[in-house]
Each structure stands twice: as C-alpha cells, then as structure tokens.
2 protein chains.
Amino acid sequence: MTSKTIDLNRYIGTIPDWPKKGILFYDIMPLIADPAAFDAAVDALCADLNESDIDCVAAIEARGFIIGTAVARKLKAGFVPIRKKGKLPGQTESITYDLEYGADTLEVQRNAIKSGAKVLMVDDLLATGGTMGAACKLIEKIGGHVARVVFLVELADLGGREKIGDYKITSILSYE
Amino acid sequence: MTSKTIDLNRYIGTIPDWPKKGILFYDIMPLIADPAAFDAAVDALCADLNESDIDCVAAIEARGFIIGTAVARKLKAGFVPIRKKGKLPGQTESITYDLEYGADTLEVQRNAIKSGAKVLMVDDLLATGGTMGAACKLIEKIGGHVARVVFLVELADLGGREKIGDYKITSILSYE
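These numbers come from a predicted model, not from an experiment. (Residues numbered from 1 in each chain as written. Chains lettered and ligands numbered in written order. Predicted model: local features only at pLDDT ≥ 70, side-chain atom pairs only at ≥ 80, totals over all residues. Heavy atoms only, no water.)

J.: Teacher, can you tell me more about the environment of A:L152 here?
T.: Residues and elements named next belong to chain A. You can see L152 is positioned in strand β8 (residues 145–155). A sequence separation of ten residues divides L152 from E162, and the C-alpha atoms of the two residues are 18 Å apart. In this view, L152 contacts I28, L31, A41, L45, I67, D123, D124, I172 and L173; residues no more than four positions away in its chain are not counted. (Helix = DSSP H or I, 4+ residues; strand = E, 2+ residues; numbered from the N terminus. Contact = heavy atoms within 4.5 Å.)

What follows is the structure, encoded as structure tokens:
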C-alpha cells in the first residue's frame, strides 16, 4: 500500500504572507499534482468509511471540489457542489454566515439530495470552521443528514471544530 | 459496461433564461449526482486515452475541477488547477483574454508541470471556446504540451472549436 509509505506532509507547500501578510498558507497543489500522494490522501480520507455509510459527498467551491470529487469517486457516491451566491442554476437554498469582516452566502440546489440522505462533507482545509459550519446547516436545510465531516488539512489551534458543530470531524494532516 | 447502456443526455438538466434571459443553461449537476452516470461520463471522456498518453490533467475552476479531477483520477494523472486571477499562491503565470464584454484573466502555478509534460485539458462545457483557448495558451506558456482537449458538453453551433486552436478536441455530448 503506497498510502502507508508516503509522508503526505511533504506534499503540502507553505507560502508565507498569502493571501495577506502574517498568514502562512498551506498549499495542497503539490499533493494533487502527484497521483500517488493524491491516492494516499483519498485512501486516508475514506479510511473507515464504507460505500454504504454515505449516499453522497458535498463540497465547497473551489478547492473543495477537487478533494470532494476524488472522495466521491472513491466511495462510488454522487457529488453535490456547494457554491457561492448566484453560481448555481435552478431552485436553490441558501445560508448567510458571518466572516471576520462582513458576511458570505453559500447555496445548494434544493433537489440535490433526497430527504434523509447520508452526506459526507469534504473540504481541503479546516481553519476557523465558519464556512463548513454553514455548509452543514445548509445541507440539513434541504433535508440531508451530515454523516461525517472530513478535511485534508486542519489548522488545529484555530478551534474550527467547535464552530462547525456536533458532528464527527476528521482530518488527515494537522498543523499548529 | 454501464457506460454503453446509460443515456447521459437524461442527466443533463436544461434551465431557461439562466444566467441571463435568452440563454438555455445546460446543468451537469444531475449527472455528477449519479455515480453510475458520472462513471459512464468519465469512461467516455477517457475512452481512447491510455495512462501513458497523459502526464497530468488541467482544468478551469470551478465546475471544471469536478470533471477534471474525476478524469485525472481515472487516468492516474496529477491534477493542475487553472484559476481566476489572485486565487493561486506562489509564483504564477497568467493570461488575459477577451470576453464578449470586457476581459478576464486565468492563472496557473509556474511550477505546476514539468517542461514538455503531456497535458489533458478538461472542462464541463464548450461554448464560445474563449476560456479554453486561453487556458491552452497558458499551459504552453509554462512549458506544457496540450495533448488533447475534452469536454462533457459541447454547444456545437457556437463554433468554439475554432476559437480554441489547432488541438485534438472531443466532447461526449453535443447540443445545437
């Protein structure tokens, strides 16, 4: 199993002062550019999940689409995109949530999932948890059941888990 | 083979007057929500490609990330995201191209691909071809070789193929 021999930390770049001064940005691009590392990451994200545990995967644009699609394909599950306001056609449900300065809105198609569907929430990075917390509430608004929340990278000292809510939350790489 | 028995047209929604009046929008969300249909689409997109034909897959945010990631995973190829201006960290290369009204800019990380790498360009929809044409030039600017351009849906009467350039271009669903 390649997944046991690859140190995924080596495939996460760090970029100081991006997107603004004082922020150390964790760049997942080297990981997704390497098929073996990407394989290992997807295996780890799905490690204790069976296909029967999940009806669909929901992920937040845009980097979340990359990790979310890979996980959905692995679990043979459908993929449900959560997007910024005004990007999805048809009947949508939305949720507005507070950011550090201002607010943002996420949307999902209302008919994207069946009532009671077991939804795996996927994103690349857990920071403050505000966006994922809103995404989970949005999925519940359209009748979904949030079965699990998984992240590739977690910035552990930002306390994002508490902000997301009372779900099972896992991450495969964690940084202080 | 499920891919031979599924009519993928049934999984493409049509939404009139979106994103603006007079436009009939083709919605790929029903297709990606259905694992068997998504499987069949990925099989068709990769139909005459071998893993050795392709070093990596490049796709344009945001819907392109969904189709592109699925194709990259299928071909065991790395994934290279092409994003709107200011979204990618590190050293980037950019290209600005004309839209019907105004202009837009795409960026890619400069070190995303090795010189001479065989790149499969993937997007969900071929309309006027302006964005994909710019994306191909951008990949060539950083030393890549555009091996093939594939789309899930092509709006054939918009003449987008001519705008993209002299590449091998295929689509699996075509509408007039």
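Let us keep going from here.
J.: Even after reading the chapter, I still don't get the sheet that holds strand β3 (residues 56–60) of chain B, so can you show me in this structure?
T.: Residue and element names in this part refer to chain B. Strand order in the open sheet made by the seven strands is β5-β6-β4-β3-β7-β8-β9, with mixed pairing throughout. Among the strands making up the open sheet, the edge pair consists of β5 (92–98) and β9 (169–175). Adjacent strand axes in the sheet meet at a mean angle of 20°, parallel and antiparallel pairs treated alike. Bridge count between strand β7 (residues 118–126) and strand β8 (residues 145–155): eight bridges; the pairing is parallel. Paired with D123 across the bridge in β8 is F151. Contacts from helix α5 (residues 130–141) reach β3, β4 (78–84), β5, β6 (103–109), β7 and β8 within the one sheet, and its direction differs from that of β5 by about 150°. (Pairing = 2+ DSSP bridges. Axes fitted to C-alpha atoms, helices over the stretch in contact; angles between N-to-C directions.)

J.: How should the side chain of A:D123 be read in this particular structure?
T.: Residue and element names in this part refer to chain A. In this structure, D123 sits in strand β7 (residues 118–126). As a buried residue without a salt bridge, D123 has its nearest oppositely charged side chain in R63, at a separation of 6.5 Å. Dropping the residues within four chain positions of it, D123 is found in contact with I60, G64, M132, V150, F151 and L152. (Buried < 20%, exposed > 50% of the residue type's maximum accessible area, 1.4 Å probe, protein only. Lys, Arg positive; Asp, Glu negative; His and termini not counted. Salt bridge = Lys/Arg side-chain N within 4 Å of Asp/Glu carboxyl O.)

J.: Before we go on, may I ask you to explain the interface of chain B and chain A in this structure?
T.: Think of interface size as the accessible area that goes away when the parts come together; that is how it is often given. Residue-level contacts link 32 residues of chain B with 32 residues of chain A. The junction of chain B with chain A conceals about 2,600 Å² of combined surface from both sides, 66% of it contributed by carbon and sulfur atoms. The tally of links between chain B and chain A comes to two salt bridges. The partner of B:D39 in a salt bridge is A:R73, and the shortest N-O contact between them spans 2.3 Å. Applying the counting criterion to the chain B and chain A interface returns six residue pairs in polar contact (both at pLDDT 80 or more). Broken down by secondary-structure element, the contributors of at least two residues to the side of chain B that touches chain A are β2 (24–27), α2 (29–32), α3 (35–45), α4 (63–74) and β4 of chain B. (Buried area = accessible area lost by both parts, 1.4 Å probe. Polar contact = N/O pair within 3.5 Å; in protein donor to acceptor, adjacent residues only side chain to side chain.)

J.: What is the right way to read the nonpolar core from this model?
T.: Inside soluble globular proteins, nonpolar side chains tend to come together where they are buried. Formed by 78 residues in total, the largest nonpolar core has its most connected members in A:L31 and B:L31. Each residue touching A:L31, except ones within four places of it in the same chain, is listed here: A:L8, A:Y11, A:I12, A:A37, A:F38, A:A41 and A:L152. Counting residues in hydrophobic clusters, the runner-up holds 27 residues, among them A:I60, A:M121, A:A134 and A:I139. (Core = buried A, V, L, I, M, F, W, Y, C linked by side-chain atoms within 4.5 Å.)

J.: What is the right way to look at the relation of the copies chain B and chain A in this model?
T.: Relating the two copies of this chain is a rotation about some axis coupled with a shift parallel to it. When chain B is fitted to chain A, the best match, at an RMSD of 0.0 Å, comes from turning it 180° and sliding it 0.0 Å along the axis. Both copies are brought into coincidence by an operation consistent with a two-fold rotation axis. Measuring from the rotation axis to each C-alpha of chain B, the shortest distance belongs to B:A62, at 2.7 Å. Interface overlap between copies: 100% of the residues of chain B at the interface are likewise at the interface in chain A, consistent with a symmetric, same-surface contact. (Least-squares fit on C-alpha atoms with pLDDT ≥ 70 in both.)

J.: Explain the packing of helix α4 (residues 63–74) of chain A against α4(B) to me, please; I cannot follow it from the model alone.
T.: Helix-helix packing is characterised by the crossing angle of the two axes and by the distance between the axes. Where α4(A) contacts α4(B), the two axes come as close as 8 Å, and the packing angle between them is 50°. Compared by their axis directions, α4(A) and α4(B) come out oblique. Our pair here, α4(A) against α4(B), has a crossing hand that is right-handed. Along the contact surface, α4(A) presents A:F65, A:I66, A:T69, A:A70 and A:R73, while α4(B) presents B:F65, B:I66, B:T69, B:A70 and B:R73. (Parallel < 35°, antiparallel > 145°, perpendicular 65-115°, else oblique. Left-handed = near helix turned anticlockwise from the far one by under 90°.)

J.: Even after reading the chapter, I still don't get the sheet that holds strand β3 (residues 56–60) of chain A, so can you show me in this structure?
T.: Within a sheet, adjacent strands bond to each other through the backbone by hydrogen bonds, running parallel or antiparallel. Residues and elements named next belong to chain A. The seven strands lie next to each other as β5-β6-β4-β3-β7-β8-β9, forming an open sheet whose pairing is mixed. Edge positions in the open sheet fall to β5 (92–98) and β9 (169–175), since each of these has one partner strand only. On average, adjacent strands in this sheet sit at an angle of 20° to one another, irrespective of strand direction.

J.: What is the right way to read the packing of aromatic side chains from this model?
T.: Remark: the centre distance and the inter-plane angle together describe each pair of aromatic rings, the angle taken between the planes. As enumerated under the stated definition, the model contains six aromatic pairs over all chains in all. Above the plane of the ring of A:F38 lies B:R73, whose end atom (NZ or CZ) is 4.3 Å from the centre. (Phe/Tyr/Trp six-rings, centres within 6.5 Å; stacked < 30°, edge-to-face > 60°. Lys NZ or Arg CZ within 6 Å of the ring centre and 35° of its normal.)

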